[in-house]
Amino acid sequence: MRTSRIPGFYKLPIEERLRKVVEFASLHEDDIELLRKWGNLEPKIADIMIENVIGTMSYPLAVAVNFLINKRDYMVPMVIEEPSVVAAASHAAKLTRESGGIDAIATDSIMIGQVQVVKVHDPAYKRILVLEHRDQILEIANEKDPILVKLGGGAKDLEVKIIESPLGPMLVVYLLVDVKDAMGANAVNTMCEAIAPYIQELTGGRVYLRIVSNLADRRIVRARTKVKKDVLGGEEVVEGILYAWAFAAADPYRAATHNKGIMNGVVAVARATAQDCRALEAGAHAYAAKGGVYRPLSIWEKDENGDLVGSLEMPMPVGIVGGATKVHPVARVSLKILGVKTARELAEVMGAVGLAQNLAALKALATEGIQKGHMRLHARNLAIMAGAPRDLVDKIAESMIREGNISYARAKELVEEFTYKS
Ligand code: MEV
């Protein structure tokens, strides 16, 4: 009988696991061949990264060009499945170059850990008691990561809040840890677990959760840029972008899509450098909703000359040491392409990319709409799939766009027509 209950599946060698999956899903020979292609992530590395590995899956790695960030040129590696994102980022970066590019600054890498204490009889009193023992608690936390402390990082401070919950008040200790060049979740979780028994003893309550918070609002990147109205295409384009932003500022339905556009850029760089994308997404959206209403992460305005100015502020918990960033060989190459020396610099680049991505989307939306660009790329892809030789790809794509018939069948016909002619 077909069952997914396979005791010890995780202990099997990769080939054995694959065999079980092949049986379960009746995969064909060519599916198996495909899953046996390991690309640039060797089986032994993939197998230690996660559990139950049966293969790898490749995505396109591209570089966005034209980025001038903090007066330095960057080629930005991006991994993404969506057409137009890389082209749009490069286009927007070019628009910002004429007025000095994008400036970005990240705060120190402060992550927050939470220790939840319930069943505290006198939470207000115990809150003060815990704060009184701040130094001892920080010491216990820091004993767990002497290397981080040596680098100037480690647990730096704590805050204690009384949170009203559906099950009554709880005391929550917020541990603030400077994780330096790491993403930091592991370091913070270890420290939270280490301080928990002492906190339990101090409060006489019961500790349950000890975990990092993904609302990384002490680890923020701020980016800003200016684009001259003439570079953008005139006053009307500036106005269109301002109305697009105002729409997002007034309506969470639009704000979610606005921020999704920002995350297109942020997540693409995050993937290329093997960051925890879910942490970035969670942090970004929670930050956007922090005031009680979901808001856009960027703001677009017009300066005294009528030029467009944009700014962005969002959490950016990224690392360049530890985790998948260190293990994945392509992530290491991506970091080399970027040439970033610290996690803060990586955060600054990613904030700048998010702002540029947002600019590109709003400009397209406020003018020709985004489908035209998408269609252009789609037409090129179809031409390539239909076997168009390199020098004919653009010609065939243009013909399909002109005819208003962008399809694989038409691409095939045109490939035959054009190759016959040439
Ligand atoms: C598509 O992936 C992203 C956009 O929808 C973003 C936006 O609407 O601002 C174009």
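Residues numbered from 1 in each chain as written. Predicted model: local features only at pLDDT ≥ 70, side-chain atom pairs only at ≥ 80, totals over all residues. Heavy atoms only, no water.

(A) Inspection of the overall build of the protein at higher detail. Scanning the protein from N- to C-terminus turns up 18 helices and 10 strands. For the protein, the spread of C-alpha atoms along the three principal axes comes to 85 × 70 × 40 Å. Per-residue burial over the protein gives 48% buried out of 422 residues. Sequence-distant contacts, at least 24 apart, represent 70% of the contacts inside the protein between residues at least 6 apart. Total accessible area computed for the protein in this model is approximately 21900 Å², and 55% of it derives from carbon and sulfur atoms. (Helix = DSSP H or I, 4+ residues; strand = E, 2+ residues; numbered from the N terminus. Buried < 20%, exposed > 50% of the residue type's maximum accessible area, 1.4 Å probe, protein only. Contact = heavy atoms within 4.5 Å. Areas by Shrake-Rupley, 256 points an atom, 1.4 Å probe, with all protein chains shown as cover.)

(B) Representation of unusual backbone geometry in the model. Despite not being glycine, Asn52 has its phi angle at roughly 60°, a positive value. As for its placement among the helices and strands, Asn52 is situated in the loop between helix H3 (43–49) and strand E1 (61–69).

(C) Summary view of the environment of Asp251. The topology assignment puts Asp251 in the loop between helix H10 (235–250) and helix H11 (252–272). Here Asp251 falls in the partly exposed class, since its relative accessible area comes to 22%. Along the sequence, Asp251 and Val269 sit 18 residues apart, while their C-alpha atoms lie 28 Å from each other.

(D) View of the pattern of salt bridges. With the rule as written, the count across this model stands at 28 salt bridges. Between Lys260 and Glu82 there is a salt bridge whose closest N-O contact spans 3.0 Å. Here Lys260 is found in helix H11, whereas its partner Glu82 is found in the loop between strand E2 (72–79) and helix H4 (85–97), with 178 residues between them in sequence. For Glu82, a relative accessible area of 23% translates into the label partly exposed. Ionic contacts of the salt-bridge type, sharing partners, join the residues Glu159, Asp217, Arg218 and Lys290 into one network. (Salt bridge = Lys/Arg side-chain N within 4 Å of Asp/Glu carboxyl O.)

(E) Expanded view of the site of the ligand. Neighbouring the ligand are the residues Glu82, Arg254, Thr257, His258, Lys260, Gly261, Asn264, Ala361, Leu365 and Ile370. Within the side chain of Lys260, one N or O atom sits 2.7 Å away from an oxygen atom of the ligand. The separation between an oxygen atom of the ligand and a polar side-chain atom of Asn264 is 2.9 Å. Computed on the free molecule, the ligand has an accessible area of 300 Å², of which 86% lies beneath the protein chains in the complex. Mapped by element, the contributors of at least two residues to the shell around the ligand are H11 and helix H15 (343–366). Looking at side-chain class alone, the shell around the ligand contains 3 nonpolar, 4 polar and 3 charged residues. (Near = heavy atom within 4 Å. Polar contact = N/O pair within 3.5 Å; in protein donor to acceptor, adjacent residues only side chain to side chain. Nonpolar A, V, L, I, M, F, W, Y, C, P; charged D, E, K, R; others polar.)

(F) Looking closely at the domain arrangement of the protein. One can read the domain layout of the protein as domain 1 (9–49), domain 2 (61–106 + 220–367), domain 3 (110–212) and domain 4 (372–421). Each of domain 2 and domain 3 has a C-alpha centre, and these two points are 33 Å apart. Contacts between domain 2 and domain 3 engage 9 residues on the former and 5 residues on the latter. Linking domain 2 with domain 3 are 3 residue pairs in polar contact (both at pLDDT 80 or more), by the criterion used here. (Domains from an automatic or database assignment.)

(G) Local environment of the nonpolar core. Within the largest apolar cluster, 65 residues are counted, with the highest numbers of intra-cluster contacts made by Phe67, Val76, Met78 and Met314. Ranked by residue count, the leading element in this core is H15, at 11 residues. If we ignore the near neighbours within four places in the chain, the residues touching Met314 are Arg219, Ile220, Val221, Ile262, Met263, Val266, Ala284, Tyr287 and Leu297. Counting 31 residues, the second-largest nonpolar core is a separate cluster that includes Leu129, Val130, Met183 and Val212. (Core = buried A, V, L, I, M, F, W, Y, C linked by side-chain atoms within 4.5 Å.)

(H) Summary view of a negative patch on the surface. A cluster of acidic residues, Asp230, Glu235, Glu236 and Glu239, forms a negative patch on the protein surface. When residues in the negative patch are grouped by element, the largest group, 3 residues, is from H10. (Patch = residues over 30% accessible without salt bridge, like charges linked within 9 Å, V, L, I, M, F, W, Y side chains within 5 Å. Lys, Arg positive; Asp, Glu negative; His and termini not counted. Charge placed at Lys NZ, Arg CZ, Asp CG, Glu CD.)

(I) Representation of a nonpolar patch on the surface. Residues Val63, Val65, Met75, Val333 and Ile337 make up a contiguous nonpolar surface patch of roughly 360 Å² in combined accessible area. Mapped onto the secondary structure, Val63 falls in strand E1. A relative accessible area of 34% places Val63 in the partly exposed class.

(J) Here's a closer look at the pairing of strand E4 (residues 110–118). With respect to burial, E4 is a largely interior element, 8 of its 9 residues being buried. Relative to strand E6 (residues 168–178), E4 runs antiparallel, the two being bridged by 8 bridges. Bridge pairing in E6 places Gly113 opposite Leu175. In the sheet, E4 pairs with strand E7 (residues 206–212) via 5 bridges, with the strands oriented antiparallel. In the sheet register, Val118 faces E7, and the bridge partner there is Arg206. (Pairing = 2+ DSSP bridges.)

(K) Representation of the packing of aromatic side chains in the model. Counted according to the given criterion, the structure contains 0 aromatic pairs. Of note, Lys161 hangs over the ring of Tyr174, and the distance from its end group to the ring centre comes to 4.3 Å. (Phe/Tyr/Trp six-rings, centres within 6.5 Å; stacked < 30°, edge-to-face > 60°. Lys NZ or Arg CZ within 6 Å of the ring centre and 35° of its normal.)

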